[in-house]
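# Architecture at a glance
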Amino acid sequence: MGTTFLVLYKYRPLSKQEALKANKEWRELTKTLPDNIELIGEYSHAWGTEYNGFLLFEAETADAFLDWWSAFKNKIRWYVEKTHTIAARKR
């Protein structure tokens, strides 16, 4: 893999029922990642920030990730109110 993406996320306020639904949808969504994108880490805290946690993705190319990202973000938009993405290339 060539490009790594650190995606910080912040949840919207959720009821217990909404949180269960979001968790179920998230688990299903992670099983449908394209072959050229890998979720290499899920972190439930991002201390020192306003975010609830972050995800670490690796993609064969930045274009592969960026082409996939908007559709992915549309699926999580109802329970994630804010994201911040940092991209880096492996040496």
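### Looking at helix H2 (residues 62–76)
Note that an α-helix has 3.6 residues per turn; residues three or four places apart therefore point the same way. The end-to-end C-alpha distance of H2 is 21 Å, a good match for the 21 Å that 15 residues give at a rise of 1.5 Å each. Remark: the principal bend of H2, roughly 35°, maps to Trp69. Turning to H2, its buried residues are Ala64, Phe65, Trp68, Trp69, Phe72 and Ile76. Buried residues in H2 make contact with strand S1 (3–11), helix H1 (16–30), strand S2 (37–43), strand S3 (53–59) and strand S4 (80–89).

### Considering the side chain of Thr3
You can see Thr3 is positioned in strand S1. Aside from chain neighbours lying at most four places away, what touches Thr3 is Phe57, Glu58, Ala59, Thr61, Ala62, Ala88 and Arg89.

### Describing the packing of aromatic side chains
Going through the model one piece at a time under the given rule, you end up with 14 aromatic pairs. Judged by centre distance (4.5 Å) and plane angle (25°), the rings of Trp68 and Phe72 are stacked. A residue pair is termed a helical-turn pair when its members lie 3 or 4 positions apart in one helix, as Trp68 and Phe72 do in helix H2 at four residues. Of the two residues, Trp68 and Phe72, both sit in the buried class. Through pairs of rings, three or more aromatic residues link up here, namely Phe5, Trp26, Phe57, Phe65, Trp68, Trp69 and Phe72.

### Regarding the environment of Lys10
By the element assignment, Lys10 lies in strand S1. Judged by its relative accessible area of 23%, Lys10 falls in the partly exposed class. When the C-alpha atoms of Lys10 and Tyr79 are compared, they prove to be 8.7 Å apart, with 69 residues separating the residues in sequence. Dropping the residues within four chain positions of it, Lys10 is found in contact with Glu50, Tyr51, Asn52, Tyr79, Val80, Glu81 and Lys82.

### Some remarks on the sheet that holds S3
Taken together, four strands build an open sheet; the order of strands is S2-S3-S1-S4 and the sheet is antiparallel. Looking along the sheet, the strands with just one partner apiece sit at the ends: S2 and S4. If you compare each strand with its neighbour and ignore which way they point, the axes differ by 20° on average. Across the sheet, H2 lies against S1, S2, S3 and S4, angled at about 15° from S1, the strand it touches most.

Scoring rules and cut-offs
Residues numbered from 1 in each chain as written. Predicted model: local features only at pLDDT ≥ 70, side-chain atom pairs only at ≥ 80, totals over all residues. Heavy atoms only, no water. Helix = DSSP H or I, 4+ residues; strand = E, 2+ residues; numbered from the N terminus. Expected span 1.5 Å × (residues − 1). Bend = angle between axes of the 7 residues up to and from the residue. Buried < 20%, exposed > 50% of the residue type's maximum accessible area, 1.4 Å probe, protein only. Contact = heavy atoms within 4.5 Å. Phe/Tyr/Trp six-rings, centres within 6.5 Å; stacked < 30°, edge-to-face > 60°. Pairing = 2+ DSSP bridges. Axes fitted to C-alpha atoms, helices over the stretch in contact; angles between N-to-C directions.

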